[in-house]
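A look at the structure
What follows is the residue order along each chain.
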Amino acid sequence: MYHLTIESQNAKTGAIPVSTSSRATCPPSCAFFAKGCYAKGGPLALHWAKVTAGERGSNLPAFLAQIRALPSGQLWRHNQAGDLPGKGNRINRRQLDRLARANQGKRGWTYTHKPVVATKGVSQEVIWANRSAVKSALRQGFAVNLSGNSPAHADRLASLGLPTVCVVPEGTPAVSYTPAGRKIVVCPAQRTDGVTCADCGLCAAVGRKAIVGFIAHGSAKRAVGEIAK
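This report concerns the structure included in the present document.

So, how was this worked out
- Residues numbered from 1 in each chain as written.
- Predicted model: local features only at pLDDT ≥ 70, side-chain atom pairs only at ≥ 80, totals over all residues.
- Heavy atoms only, no water.
- Helix = DSSP H or I, 4+ residues; strand = E, 2+ residues; numbered from the N terminus.
- Contact = heavy atoms within 4.5 Å.
- Phe/Tyr/Trp six-rings, centres within 6.5 Å; stacked < 30°, edge-to-face > 60°.
- Buried < 20%, exposed > 50% of the residue type's maximum accessible area, 1.4 Å probe, protein only.
- Lys NZ or Arg CZ within 6 Å of the ring centre and 35° of its normal.
- Pairing = 2+ DSSP bridges.
- Axes fitted to C-alpha atoms, helices over the stretch in contact; angles between N-to-C directions.
- Expected span 1.5 Å × (residues − 1).
- Parallel < 35°, antiparallel > 145°, perpendicular 65-115°, else oblique.
- Left-handed = near helix turned anticlockwise from the far one by under 90°.
- 1 Å grid on protein atoms, 1.4 Å probe; cavity = no way out; pocket = protein on both sides within 12 Å on 5 of 7 lines; lining within 4 Å.
- Points joined across faces, edges and corners; volume = space filled by probe spheres on them.
- Nonpolar A, V, L, I, M, F, W, Y, C, P; charged D, E, K, R; others polar.

A closer look at the side chain of Asp155
For Asp155, the location among the structural elements is in helix H5 (residues 151–158). For Asp155, the contacting residues outside a window of four places in its chain are Thr178, Pro179, Ala180 and Arg182.

Quick look at the structure:
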């Protein structure tokens, strides 16, 4: 199931459309799957549960119709909770391509924890298929950001030449560097009062080179911060 909120009430996101996908899309390989996911706490958790149960939202075709209906150039975030189409660790490429096509002419972006580099318990076939699916979406202008658990993990992801983000420990300066020397820019909405995703749009830049860092937040920020270290 998919749900589109036309005007987000999230202070950091700003008043732009945001979507939510069911929990079944989340990969078990995600380091935050069992503990640390910010979407499992607060009001978002209640909304996510209703989408997952089918009490809110719609099927994929109806959701895609909503995306196509967004104004040209509209900035929007896919998945304030949930991941790319496909159950578990594997991306459903056909469905992701349909989403990327629906986004054409808009400025959609998202993040994924679906495995694209060697990951314990995940076959190389799934890794390669996921990597190919993400590249296809990016070629069509849909900004899929690879989500790193730490700056070191972000180095592995960024080596693919694809847009990458990662969790950084509390106290990280506005600009820092990964162990391999890649530049990390802390999310402007986190470091500057009054700035929102609606103002920034950095994560929607398909060709971006800098890694965007997100300071651990939410009810499980301590656990997330430990992983980020």
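A word on the packing of aromatic side chains
Each aromatic ring pair is characterised by the separation of its centres together with the angle its planes make. Considering all chains together, one arrives at three aromatic pairs under this definition. Here Tyr2 and Phe63 contribute two aromatic rings whose centre-to-centre distance is 5.2 Å and whose plane-to-plane angle is 15°, an arrangement assigned as stacked. Highlighted residues: Tyr2 in strand S1 (residues 2–5) and Phe63 in helix H2 (residues 60–68), separated in sequence by 61 residues. Using a relative accessible area of 8% as the deciding quantity, one classes Tyr2 as buried. Residue classification places Phe63 among the buried residues on the basis of a relative accessible area of 0%. The positively charged end of Arg23 is found above the aromatic ring belonging to Trp48, 4.9 Å away from the centroid.

Here's the deal with the sheet that holds strand S6 (residues 164–168)
Here nine strands make up an open sheet; going across it, the order is S1-S2-S3-S4-S5-S6-S9-S8-S7 and the pairing mixed. What marks the edges here is a single partner per strand, and that holds for S1 and strand S7 (175–177). Ignoring which end each strand starts from, the neighbouring axes of this sheet average 30° apart. Where strand S5 (residues 143–148) and S6 come together, three bridges link them in parallel fashion. Directly across from Ser147, in S6, lies its bridge partner Val165. Relative to strand S2 (residues 18–21), helix H1 (residues 42–52) is tilted by about 60°, and along the sheet it contacts S1, S2 and strand S3 (75–81). Its contacts with the sheet put H5 on S5, S6, strand S8 (183–186) and strand S9 (211–215), and the angle it makes with S6 is roughly 170°.

Some thoughts on helix H4 (residues 124–139)
Given a rise of 1.5 Å per residue, 16 residues ought to cover 22 Å, and the 23 Å separating the end C-alpha atoms of H4 matches this to within 8%. Taken together, the buried positions of H4 are occupied by Val126, Ile127, Asn130, Arg131, Ala133, Val134, Ser136, Ala137 and Leu138. Those residues of H4 hidden inside the fold are in contact with helix H3 (93–103) and S5. Positive backbone phi, at 95°, marks Gly141, one or two positions downstream of H4.

Quick look at the packing of H3 against H4
Close contact between H3 and H4 brings their axes to 9 Å; oriented N to C, the two are set at 15°. Considering the angle they form, H3 stands roughly parallel to H4. Once H3 is placed against H4, the crossing between them reads as right-handed. Here H3 contributes Arg93, Leu96, Asp97 and Ala100 to the contact with H4, which in turn contributes Ser132, Ala133, Val134, Ser136, Ala137 and Arg139.

As for unusual backbone geometry
Despite not being glycine, Asn79 has its phi angle at roughly 70°, a positive value. Relative to the helices and strands, Asn79 resides in strand S3.

Regarding the layout of surface pockets
By volume, the second largest pocket is sized at about 180 Å³. What lines the second largest pocket is a set of 17 residues, among which His113, Pro115, Thr119, Asn149 and His153 lie closest to the centre. For the lining of the second largest pocket, the secondary structure elements donating two or more residues are S5 and H5. By residue number, the principal contributor to the lining of the second largest pocket is H5, which donates three residues. Across the lining of the second largest pocket, the residue classes break down as eight nonpolar, seven polar and two charged.

Quick look at the packing of H2 against H3
Running from amino to carboxyl end, H2 crosses H3 at an angle of 25°, the nearest separation of the two axes being 8 Å. Judged on the interaxial angle alone, H3 and H2 are roughly parallel. By crossing handedness, the relation of H2 to H3 is classed as right-handed. In this structure, H2 contributes Leu60, Pro61, Phe63, Leu64, Ile67 and Arg68 to the contact, and H3 contributes Gln95, Arg98, Leu99, Ala102 and Asn103.

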